[in-house]
Amino acid sequence: MATTVLSLAKKSSTKKQSKPAPFVKWVGGKGRLLSDLQQYIPAEIGRYAEPFVGGGAVFYHLAAQHQLSEAILADVNPDVVNAYRVVKSQVEPLIVALMRHEKCYLSLDAEGRKAYFYEVRSRHPMDVEMNAVERAARMLFLNRTCFNGLWRENRSGRFNTPHGRYAKPRIARAPQLRLCSQVLDKATVLERDFRLLPKLCRDHQIDFVYLDPPYHPISQTSAFNAYSNGGFSSRDQAELAEVCAELDRMDVRWVLSNSDCELIRSLYTPFNIGQIWAPRAVNSDASKRGRVSEVVVVNRRKGLPW
Ligand SMILES: C[S@@+](CC[C@H](N)C(=O)[O-])C[C@H]1O[C@@H](n2cnc3c(N)ncnc32)[C@H](O)[C@@H]1O
């Protein structure tokens with residue numbers, strides 16, 4: 001019998017870390033919204049695709065619930081794609097590289113840690129030759145030790161978040177990485193722009209897609225779309241809505257998250273638009289971090305609460 005993502009996840013369960021969860025902290029991560037999103041997810045999923053995978057919270061959640069026979073995970077950010085591939089197929093060398101970072105970093109005083117962080121940050125894979133494992137270790141180290149775990153890139157694709165001040169960051173989390181590695185066993189991870197999604201769905205006979213693009217800003221200051229050097233414009237949002245319409249014509253079920261604003265509601269008028277309230281954390285002013293309305297757009301009515 002074919003081994004499924006689910007059975008792999010179950011086999012590797014331990015009491016301490018029984019559920020696979022994102023191995024990167026990611027802005028817009030859906031970890032805290034899984035129970036709100038659950039009502040929109042179909043009861044049966046076989047072949048799954050997630051074109052804006054980021055930290056992958058929804059993928060891990062679905063992999064634990066469904067007998068996924070295939071999962072296509074994609075993102076345009078080359079560092080995140082490389083990290084997934086390394087976690088999937090070279091997890092032990094990655095753990096060794098992260099332990100090395102952890103040992104060096106934690107042995108230093110505050111000034112030493114800061115210098116170590118900026119040294120690692122300055123060694124960019126575009127300038128310095130490094131193999132896939134070193135590149136993934138660099139990314140995960142920076143992700144665990146930077147300010148707020150915020151992966152932000154400038155226009156030339158360079159990570160530019162400053163150093164964070166965690167007393168004892170957990171850099172090499174071996175049990176969690178091993179669990180993710182096993183769940184990723186059946187997944188294919190691709191560096192792709194979302195515009196290629198219809199072809200991917202056709203080629204892999206995908207039956208359900210969850211889309212979590214960079215959100216359209218609801219105000220001048222609320223935007224965070226610097227996940228990668230390209231940003232995400234209103235035009236990108238409009239092209240994404242066209243891609244979703246094409247998937248609908250292909251009979252592929254999908255669920256999309258985005259900010260609750262006029263542009264997004266107008267782009268998805270032909271579909272079913274639900275609403276959830278999400279905690280928002282990307283604001284340096286803690287008083288402006290309250291709950292914010294988000295839309296959940298669904299292209300199928302059947303079996304849903306509306
Ligand atoms: C809101 S985040 C996804 C968060 C994810 N759902 C999670 O739980 O961590 C949006 C993702 O879209 C990716 N992205 C941005 N532009 C893209 C594009 N044109 N095509 C594909 N992915 C893109 C970003 O790199 C980022 O990882």
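Conventions and cut-offs
Residues numbered from 1 in each chain as written. Predicted model: local features only at pLDDT ≥ 70, side-chain atom pairs only at ≥ 80, totals over all residues. Heavy atoms only, no water. Core = buried A, V, L, I, M, F, W, Y, C linked by side-chain atoms within 4.5 Å. Buried < 20%, exposed > 50% of the residue type's maximum accessible area, 1.4 Å probe, protein only. Helix = DSSP H or I, 4+ residues; strand = E, 2+ residues; numbered from the N terminus. Domains from an automatic or database assignment. Contact = heavy atoms within 4.5 Å. Pairing = 2+ DSSP bridges. Axes fitted to C-alpha atoms, helices over the stretch in contact; angles between N-to-C directions. Expected span 1.5 Å × (residues − 1). Polar contact = N/O pair within 3.5 Å; in protein donor to acceptor, adjacent residues only side chain to side chain.

A few words on the nonpolar core. Core analysis: the largest hydrophobic core is formed by 60 residues, its most contacted members being Phe23, Tyr48, Phe59, Tyr84, Leu94, Leu177 and Leu184. With seven residues, helix H7 (residues 132-145) is the single largest residue contributor to this core. The two domains that each donate at least three residues to this core are domain 1 (35-76 + 192-305) and domain 2 (90-183). For Leu177, the residues in contact, after removing those within four places along its chain, are Phe23, Val87, Val91, Leu94, Ile95, Leu98 and Leu140.

Right, let's talk about the sheet that holds strand E2 (residues 70-75) for a bit. Taken together, the seven strands give an open sheet; going across it, the order is E3-E2-E1-E4-E5-E7-E6, and neighbouring strands pair in mixed fashion. Because the sheet does not close on itself, it has two edges, and the strands there are strand E3 (187-191) and strand E6 (272-279). On average, adjacent strands in this sheet sit at an angle of 20 degrees to one another, irrespective of strand direction. Relative to E3, E2 runs parallel, the two sharing five bridges. The partner of Leu73 across the bridge, within E3, is Val189. Relative to the sheet, helix H3 (residues 57-65) contacts strand E1 (47-50), E2, E3 and strand E4 (208-211), its axis offset from that of E1 by approximately 165 degrees. Against the sheet, helix H4 (residues 78-89) contacts E2 and E3, and its axis sits at roughly 155 degrees relative to E3.

For H7, which comprises 14 residues, the first-to-last C-alpha distance of 20 Å matches the rise-based estimate of 20 Å (1.5 Å per residue) to within 8%. H7 sits mainly inside the fold: eleven of its 14 residues count as buried. For H7, every residue scored as buried is listed here: Val133, Ala136, Ala137, Arg138, Met139, Leu140, Phe141, Leu142, Asn143, Arg144 and Thr145. In this fold, the buried residues of H7 make contact with H4, helix H5 (91-106), helix H6 (110-122) and helix H8 (174-183).

The end-to-end C-alpha distance of H4, which contains twelve residues, comes to 17 Å, matching closely the 16 Å that a straight helix rising 1.5 Å per residue would cover. Looking at H4, one finds that the buried residues are Asp79, Val80, Val81, Asn82, Ala83, Tyr84, Val86 and Val87. Next to the buried residues of H4 lie H3, E2, H5, H7, H8 and E3. Between the side-chain oxygen of the N-cap and the backbone nitrogen of Asp79 there are 2.8 Å, and the N-cap of H4 in question is Asn77.

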